[in-house]
Structure formats: structure tokens, C-alpha cells
Amino acid sequence: NSTDIGNNTGWIITPPSGNYVTYYWIGGSGNWSDASHWSLTSGGTPNPDGCIPNSSNSVVFDANSGFTSASKTVTVDLGTASCNNMDWTGSLNSPVFGTTASSNQLKIYGSLTLIPQMTYNFNGPIYFESVTTGQTITTAGRTILGDVYFNGNGGGWTLQDIFKAHNRSIYLNYGSLNTNGQTIMA
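Report follows, based on the coordinates. Source: prediction; values computed, not measured. The numbers attached to residues start from 1 for each chain and follow its sequence in the written order. Restriction of local features to residues with pLDDT of at least 70 applies here, the model being predicted, together with a cutoff of 80 or more for giving and counting side-chain atom pairs; totals for whole chains, interfaces and linings are based on all residues. Each side-chain value is derived from all of the structure's non-hydrogen atoms; neither hydrogens nor water enter the calculation.

### As for the pattern of salt bridges
Every case where a carboxyl oxygen of Asp or Glu lies within 4 Å of a side-chain nitrogen of Lys or Arg is listed as a salt bridge. For the coordinates displayed, the defined rule picks out one salt bridge. Ionic pairing is found between D147 and R168, a salt bridge with its closest N-O pair at 3.2 Å. Note that D147 is positioned in the loop between β14 (143-144) and β15 (148-159) and R168 in the loop between β16 (163-165) and β17 (170-178), a separation of 21 residues in sequence. The buried label applies to any residue whose accessible area, calculated with a 1.4 Å probe on protein chains only, is under 20% of its type's maximum; exposed applies above 50%, and partly exposed to all values in between. When its relative accessible area of 17% is taken as the criterion, D147 is described as buried. Among the residues examined, R168 registers a relative accessible area of 34% and is labelled partly exposed. Here a helix means four or more residues in a row that DSSP labels H or I, a strand means two or more in a row labelled E, and each is numbered from the N terminus.

### Thoughts on the side chain of Q135
Considering the arrangement of structural elements, one finds Q135 in strand β13 (residues 135-138). Residue classification places Q135 among the buried residues on the basis of a relative accessible area of 10%. The term polar contact refers here to a pair of N or O atoms within 3.5 Å; inside protein, the definition further demands a hydrogen-donor-capable atom paired with an acceptor-capable atom, and it admits residues adjacent in sequence only when both atoms are side-chain atoms. There is a polar contact of 3.4 Å between the side chain of Q135 and the side chain of S130.

### Re the sheet that holds β16
The parallel open sheet is built from three strands, whose spatial order is β14-β16-β18. In this open sheet, the two strands that pair with only one neighbour each are β14 and β18 (184-185). Bridge count for β14 against β16 is two bridges, and the pairing is parallel. Looking at the pairing, I144 lines up with A165 of β16. Any two strands between which DSSP finds at least two bridges are classified as paired.

### Focus on the nonpolar core
W32, F61, M86, W88, F97 and F128 are the most contacted members of the largest nonpolar core, which has 32 residues in total. If you tally residues by element for this core, the top one is β15, at four residues. Note on definitions: a residue-residue contact is assigned when non-hydrogen atoms from the two residues lie within 4.5 Å. Other than its neighbours up to four places away in sequence, F61 contacts W25, W32, W38, F67, V74, M86, D87, W88, T89 and S91. Here, nonpolar core refers to any group of buried Ala, Val, Leu, Ile, Met, Phe, Trp, Tyr and Cys residues whose side-chain atoms link them within 4.5 Å.

### Side note on the sheet that holds strand β11 (residues 119-120)
Strand order in the open sheet formed by four strands is β2-β5-β8-β11, with parallel pairing between adjacent strands. In the strand order of this sheet, the two ends are held by β2 (30-31) and β11, each with one partner.

### Quick word on the side chain of D161
Summarising the element assignment, D161 is placed in the loop between β15 and β16. An unpaired buried charge is present at D161: no salt bridge exists, and R142, the closest side chain of opposite charge, is 8.2 Å distant. From its side chain, D161 meets the backbone nitrogen of T139 in a polar contact 3.0 Å long. Setting aside residues up to four positions removed in sequence, D161 forms contacts with I137, T138, T139, A140, G141 and Q182. Counted charges follow a simple rule, with Lys and Arg positive, Asp and Glu negative, and His plus the chain ends left uncounted.

### Quick look at the packing of aromatic side chains
Pairing of aromatic side chains requires ring centres within 6.5 Å, counting the rings of Phe and Tyr and the six-membered ring of Trp. Pairs whose planes differ by under 30 degrees are stacked, by over 60 edge-to-face, and all others tilted. On inspection of all chains with the given rule, the structure shows 15 aromatic pairs. An angle of 45 degrees between the planes, with centres 6.0 Å apart, marks the rings of F97 and Y120 as tilted. Placement of F97 in strand β8 (residues 96-99) and of Y120 in strand β11 is noted, with a sequence separation of 23 residues between them. We classify F97 as buried; its relative accessible area is 0%. Y120 gets classed as buried once you look at its relative accessible area, which sits at 7%. Measuring from centroid to centroid gives 4.6 Å for Y127 and Y149, while their planes differ by 10 degrees, and the two rings are stacked.

### Re the pairing of β15
Counting buried residues in β15 gives nine out of 12 residues, a clear majority hidden from the surface. Looking at chain direction, strand β12 (residues 126-128) and β15 are connected through three bridges and run parallel. The residue bridging Y127 from the neighbouring strand is Y149, located in β15. Note: β13 against β15, three bridges, orientation parallel. Pairing of I137 across the sheet is with L159, part of β15.

Here it is in C-alpha cells:
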């Protein structure tokens, strides 16, 4: 399995077929690394391949994710969790996104969409790694709790609302960040 996430020269990398699929969270509370919580369809059965998302896969947390009561938690329990787009649109009952350690990282290779009803408790660093323009970031009033890195060589992100990072650093290392007239609070 190979995925080109940018900054490579002199290599021809062919991703495995079928790798660019969307994974849907199912089953309510659980750990990111638990393949039984990832389905190829909204509200479906666990992915038969037993895979978890990588930089090529978009992840969706929606009305069929099993958040049947408040505070159902998706926990990043491994060193680095990766995905293409992350979208919480349609999630019910105030889900929580958290981590087991502040050293755990989240790498997003596309866009991020949070919702006002969720609790954002992920306090590790977030790396926005897209190598293409046109990515968006919607925090929906949630405060980012870890340092933020924009590392996409050729990537570009546009803020859709106020971007709050609680006493954290924001690094624009590569790519472009369009504030779109939105406030950045760090």
C-alpha cells in the first residue's frame, strides 16, 4: 500500500485500487483504531477488510454513527490518525472527539467540518497536509486545543468561520491560508 502525500520527486507511486473510499463511523463510542467502528456505508456493517482510515480516505460522522445519547466519544488512541476530509455534519446528540494522549496527532489531507453541537476534546497537534487548493475549515465555534500546522506544499485552505486555537501556536509552513475575512484567535 502506497500513498503519495506530497514532497516526493523521482518516484512513481501508484495507490492501491479502491483506496479512495469514504469511511463512516458506526457503533457510538469507540477508538479510532478499532476497525469495527468503520463502515463503507452510513449506518452499515463494519468494513469487511478490517481497515481504518488513512490519508486517502474521507471520514464521516453522521446521524447513523450510533451517537444515541450525549457524550458518545470517538477517541484517537494511536500516535497518528489520518484522513482526507473529516465531516461531522448531521451527527446527533452532542458527540465528543477526543484523544488518549496530547502527543497523538491528527493529519487531515483535505477539509475539516465540525458542528456546534459537538465537544472537541482532541488536544494533540493537527496537521493540515493537503497538496491541493480548495480545502475548507469549519470549526463551528469549537476551540482547537493543540498546535496547528499547515504543511501542504501547494495546498490551500479557506476558513469558513472564526478559527479559535486556545493558547496554541499556528504554523503556516507550506501552502496558503485564506482567512476569508474570518478572525483567527490563538
